[in-house]
Amino acid sequence: MSEFLSMGGYGTYVWSAIAIFVVTLAIDAAAPLLKRRRVLRELRGRLRRAQKRSEESA
Amino acid sequence: MNPLVLWFHKLGSPPYFYRFAGRLLPWFWGAALIGLAVGLYGGLVAAPSDYQQSDAFRIIYVHVPSAWMSLFIYAFMAVNGFIALVWRIKLSETLAMASAPIGAAFTFICLASGSIWGKPMWGTWWTWDARLTSELVLLFLYLGVLGLYQAIEDRRQAARAAAFLALIGVVNLPIVHFSVNWWNTLHQGSTIKLFGPSLIDSRMLWPLLVMAIATKFLFAASLLSRARVDLLELEAGKDWVRRIALAEDAA
């Protein structure tokens, strides 16, 4: 196992390259999920405010 | 009209595309994750180490697929940008703009992993040679497209301006690809050849091809989920988006 992790002495290089790959793509995958939450929350807020206004004017 | 053309027209409609992409997404994510797991296992464990580079060569399994994706996604973005400019199809604008951040991510991975690979093998993190410099220009092109898209208020005008910039940048794609042949460079030439035998042992080759396919699925999944959210944002005033917003509030 430690032999596998050491990668023939190049462990730091190999594993940091893999880590950059995984972390960057994980952020890329998470971004639209977070944006979706924000977009829908803002839209619901706008709809509620519009509803309130129409109730007040009625 | 023939049914395929008819379906294509339907696909251009945002609510239909939203549902259709939603059905595809779990399959694309699944294929991407399985492919990445198999490809990384094949590359890091199953493949023998290189006779010159020992285990350092294993960086190839993230570096080369990312480099391929950086060019592939740029071409995809430019084609959609072209369609958006010529036929004014809203979905193409959305797809072109949604692919830019994914392309930038892969270009960044390519540059970073290449730099990490360069240190032990070339003795330097960075050198201003043709391949490295043109790939850096590619990253700046992606960032330029993203920046221009954010800088203009009107979303559709912004998308068209950014699509135009993306089209001009296409000139850089052959430069990146052929840079290793045109200039004397530290970077090695192509090992994998579409035409003719590749210069790599098959035990080292198959994980690379699996990674190449897995990153395609990853791009497709990320692209569709980004495009879906962008359509919700663009069409926020429409009924179909309102229904989705309220349905998720209740859930």
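Above this text sits the structure in question.
Figured I'd write up the structure that's included with this text. Residue positions within a chain follow its written sequence, with the count starting from 1. Ligands are numbered from 1 and chains lettered from A, in the order in which they are written. Owing to the predicted nature of the model, reporting of local features is limited to residues with pLDDT of at least 70; listing and counting of side-chain atom pairs is limited to 80 or more, with chain, interface and lining totals taken over all residues.

Comments concerning the overall build of chain B
Stage number 1. When helices and strands are counted, chain B shows nine helices and zero strands.
Stage number 2. A helix here means a DSSP run of H or I that spans at least four residues, while a strand means a run of E at least two residues long, and both kinds are numbered starting from the N terminus. Ordered by position from the N terminus, the helices and strands of chain B form the series α-α-α-α-α-α-α-α-α.
Stage number 3. With respect to the principal axes defined by its C-alpha atoms, chain B has extents near 60 × 40 × 35 Å.
Stage number 4. Residues are treated as contacting if the C-beta atoms built from their backbones sit within 7 Å of each other. The contacts of chain B with a sequence gap of at least 6 include a subset with a gap of at least 24, amounting to 76%.

Digging into the packing of helix 3 (residues 60-87) of chain B against helix 8 (residues 202-234) of chain B
Packed helices, taken two at a time, are described by the angle their axes make and the gap between the axes.
Residues and elements named next belong to chain B.
Stage number 1. Angles here are taken between N-to-C directions and fall from 0 to 180 degrees, while the axes themselves are lines fitted to C-alpha atoms, restricted in helices to the stretch in contact. At their nearest, the axes of helix 3 and helix 8 sit 9 Å apart, and the two run at 45 degrees to each other. One way to sum up the angle between helix 3 and helix 8 is to call them oblique. Handedness of the crossing formed by helix 3 with helix 8: right-handed. Along its contact with helix 3, which presents I60, Y61, V64, P65, W68, M69 and I73, the element helix 8 presents P207, L208, M211, A212, T215 and F219.
Stage number 2. Under this grouping Gly is polar, as are all residues other than the nonpolar Ala, Val, Leu, Ile, Met, Phe, Trp, Tyr, Cys and Pro and the charged Asp, Glu, Lys and Arg. The class makeup of the residues in the contact of helix 3 with helix 8 is twelve nonpolar, one polar and no charged. Each angle receives one of four descriptions, namely roughly parallel if under 35 degrees, roughly antiparallel if over 145, roughly perpendicular if within 65 to 115, and oblique otherwise. Handedness of a helix crossing follows the sense of rotation of the near helix relative to the far helix, less than a right angle counterclockwise being left-handed and clockwise being right-handed.

Describing the interface of chain B and chain A
Stage number 1. Every contact between the two is made by 33 residues of chain B and, on the other side, 22 residues of chain A.
Stage number 2. Breaking the side of chain B that touches chain A down by element, the ones donating at least two residues are helix 3, helix 4 (90-122), helix 8 and helix 9 (239-250) of chain B.
Stage number 3. If you tally residues by element for the side of chain B that touches chain A, the top one is helix 4 of chain B, at eleven residues.
Stage number 4. Class assignment for the residues of the side of chain B that touches chain A results in 18 nonpolar, seven polar and eight charged.

Description of the nonpolar core
Stage number 1. Only buried residues count toward a nonpolar core: Ala, Val, Leu, Ile, Met, Phe, Trp, Tyr and Cys, linked into one set through C-beta atoms within 7 Å. Any residue with 12 or fewer other C-beta atoms within 10 Å of its own C-beta is exposed, any with 20 or more is buried, and the rest are partly exposed; the C-beta atoms used are placed from the backbone. The biggest cluster of nonpolar side chains holds 71 residues, and the ones touching the most others in it are Y13(A), V14(A), A17(A), I59(B) and A96(B).
Stage number 2. For this core, the secondary structure elements donating two or more residues are helix 2 (11-57) of chain A together with helix 2 (14-46), helix 3, helix 4, helix 5 (130-151), helix 6 (155-169) and helix 8 of chain B.
Stage number 3. What A17(A) contacts, discounting residues up to four positions off in sequence, is I59(B), V62(B), H63(B), S113(B), I116(B) and W117(B).

A few points about helix 2 of chain B
Residue and element names in this part refer to chain B.
Stage number 1. By this rule the span expected of a helix is its residue count minus one, scaled by 1.5 Å. Here helix 2 spans 44 Å end to end across 33 residues, near enough to the 48 Å set by a 1.5 Å rise per residue.
Stage number 2. Consider a residue and the seven residues that end there alongside the seven that start there; fitting an axis to each set, the bend is the angle between those axes. L24 marks where helix 2 bends most, by close to 35 degrees; the proline P26 follows one to four residues later.
Stage number 3. For helix 2, the set of buried residues is P14, F17, A21, F28, A32, L36, G39, L40, G42 and G43.
Stage number 4. Next to the buried residues of helix 2 lie helix 1 (3-11), helix 3, helix 4 and helix 8.

Structural measurements only, silent on function.
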